[in-house]
Amino acid sequence: MSRPLTVAVVGATGAVGREMLSTLERRNFPATRIIPLASSRSAGTTVPYMGGELTVQELKDDSFNGVDLALFSAGGSTSLAFAPKAVAAGCTVVDNSSTWRMDPRCPLVVPEVNPQALQNHQGIIANPNCSTIQMVVALAPLHKAAGIRRVVVSTYQAVSGTGQKAIEELEMQVRQMFNLQEPEAKVYPYRIAFNCLPQIDVFLDNDYTKEEMKMTEETVKIMGDANIKVSATAVRVPVFYGHAESVNIEFSKPLSAKDARAILSSAPGVQVYDNPEIKLYPMPIEAAGEDEVFVGRIREDFTNPNTLNMWVVADNIRKGAALNAVQIAERLVAEDLVRVTNRKAFA
Ligand code: A2P
């Protein structure tokens, strides 16, 4: 049963928060009131919604009184501090940060893959990492058909995944270089314009980055199969919107490229763009601004049995973040799960 909902967007002035607002609007989300929240820096400014403007409020301890549902995209420390406060106020949280993703109390959900995980939520539902979301949307139907054993993935990730400041940094560096000025790098350790950075997030003890290990661990949690091994290399590239991934998948049973193409063609949330004869394959410039996960370059790996290669592209701000969060919220509404059964679950 749907009821009138008050919805807060935490981080409403950011790249993902703005997209959350426009996704709620675009998909006619059943909200009677939307409250945009951000830091004190943005309090009093406005964000566009439904042809008008909403005034941004400062996120405070009492911001969630009377709020039914909150979509968070304001960084890990904000989620850590405020998501439990929201739950204590009786508000259900869909959180886009990595803070709660591996917490056993929190379902980690991609609606096309594991919507059932929402059933026993305790107030905080985690939205997976952007690169993981688009990969599992494409992997899940193939896993069902032939059982995935191992995935080797390299990502080509857009700067918008880092946030608004990184979008501005790439723009600025391009301008500076065309004006023969020294480009300034503040967000990334090196210049991103006309460059590729094989580091996303910090390095861990095993020499993988945190972003790479997110893909390994989150894939297992979402797909619900601890036997799936994922080895990732995550690379930041000078693209504004749209992550691309080269994915090599080893199955326990044979699966032809033709069959994989047919399976993916009818999979939810997937569009197959795959015809080498007419140079048809997915690219960030076409995936940007779209909702689907695009898959192409599907081919059998002649170096290894039962193995396929494919190329997966999606808008990291849409399916990789805002859209997936709103789809989770839509499921919660459809299944009457916008409620907190235990306000002390994260106390
Ligand atoms: P603000 O614009 O006031 O800094 P992005 O990922 O694009 O950088 O956006 C981050 C979002 O998170 C922005 O809306 C930002 O608000 C918000 N944010 C960052 N830190 C805080 C905080 N401590 N409290 C509330 N919102 C925050």
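For clarity, every value in this text was computed on a predicted model and none was experimentally measured.

Asker: Just checking my understanding: could you explain the overall build of the protein chain for this structure?
Answerer: Counting its secondary structure elements, the protein chain contains 8 helices and 14 strands. For the C-alpha atoms alone, the extent of the protein chain along its principal axes is close to 60 × 55 × 45 Å. Expressed as a percentage of its 347 residues, the buried residues of the protein chain come to 52%. Sequence separation of at least 24 residues holds for 68% of the intrachain contacts in the protein chain that already meet a minimum separation of 6. If you sum the accessible surface of the protein chain, you get close to 15700 Å²; carbon and sulfur atoms cover 50% of it. Computed over 34 positive and 38 negative side-chain charges, the inter-centroid distance for the protein chain is 3 Å.

Asker: What is the right way to look at the domain arrangement of the protein chain in this model?
Answerer: Often the size quoted for an interface is simply the accessible area lost on bringing the parts together. Here the protein chain is partitioned into domain 1 (6–99 + 322–334) and domain 2 (131–316). Each side of the interface is counted separately: domain 1 has 6 residues, and domain 2 has 6 residues. Summed over both sides, the interface between domain 1 and domain 2 buries roughly 500 Å², with carbon and sulfur atoms accounting for 53% of that surface. If you look at where domain 1 meets domain 2, you find 2 salt bridges. Salt-bridge contacts for Arg-27 lead to Asp-291; the nearest nitrogen and oxygen are separated by 4.0 Å. For the interface between domain 1 and domain 2, the tally reads 1 residue pair in polar contact (both at pLDDT 80 or more). At the level of elements, helix H1 (15–26) and helix H8 (318–334) are the ones that each hand at least two residues to the side of domain 1 that touches domain 2. Its residues placed into classes, the side of domain 1 that touches domain 2 shows 2 nonpolar, 2 polar and 2 charged.

Asker: What should I look at first to understand the environment of Glu-211 in this one?
Answerer: Following the sequence through the fold, Glu-211 ends up in helix H5 (residues 210–223). Residues Glu-211 and Ser-98, spaced 113 residues apart in sequence, show a C-alpha to C-alpha distance of 9.8 Å. Not counting chain neighbours up to four residues away, the residues in contact with Glu-211 comprise Asn-129, Cys-130, Ser-131, Gln-157, Ile-200, Asp-201 and Ala-234. At a separation of 3.0 Å, a polar atom in the side chain of Glu-211 contacts the side chain of Asn-129.

Asker: Help me understand the nonpolar core in this model?
Answerer: It is characteristic of soluble globular proteins that their nonpolar side chains tend to be buried jointly. Counting residues in each nonpolar core, the largest one holds 41 residues, and the members touching the most others are Leu-24, Phe-29, Leu-69 and Leu-332. If you list the elements that add at least two residues to this core, you get strand E1 (5–10), H1, strand E2 (31–38), strand E3 (46–49), strand E6 (69–72), helix H4 (164–178) and H8. Broken down by element, this core gets its largest block of residues, 8 residues, from H8. Residues lining this core come from more than one domain, with at least three contributed by each of domain 1 (6–99 + 322–334) and domain 2 (131–316). Sequence-distant contacts of Leu-69, that is, excluding residues within four places in its chain, are made with Thr-6, Val-7, Ala-8, Phe-29, Cys-91, Thr-92, Val-94, Ala-329, Leu-332 and Val-338. In terms of nonpolar packing, the next biggest core, distinct from the first, is built from 38 residues, Val-113, Ala-146, Phe-251 and Ala-260 among them.

Rules and cut-offs
- Residues numbered from 1 in each chain as written.
- Predicted model: local features only at pLDDT ≥ 70, side-chain atom pairs only at ≥ 80, totals over all residues.
- Heavy atoms only, no water.
- Helix = DSSP H or I, 4+ residues; strand = E, 2+ residues; numbered from the N terminus.
- Buried < 20%, exposed > 50% of the residue type's maximum accessible area, 1.4 Å probe, protein only.
- Contact = heavy atoms within 4.5 Å.
- Areas by Shrake-Rupley, 256 points an atom, 1.4 Å probe, with all protein chains shown as cover.
- Lys, Arg positive; Asp, Glu negative; His and termini not counted.
- Charge placed at Lys NZ, Arg CZ, Asp CG, Glu CD.
- Domains from an automatic or database assignment.
- Buried area = accessible area lost by both parts, 1.4 Å probe.
- Salt bridge = Lys/Arg side-chain N within 4 Å of Asp/Glu carboxyl O.
- Polar contact = N/O pair within 3.5 Å; in protein donor to acceptor, adjacent residues only side chain to side chain.
- Nonpolar A, V, L, I, M, F, W, Y, C, P; charged D, E, K, R; others polar.
- Core = buried A, V, L, I, M, F, W, Y, C linked by side-chain atoms within 4.5 Å.

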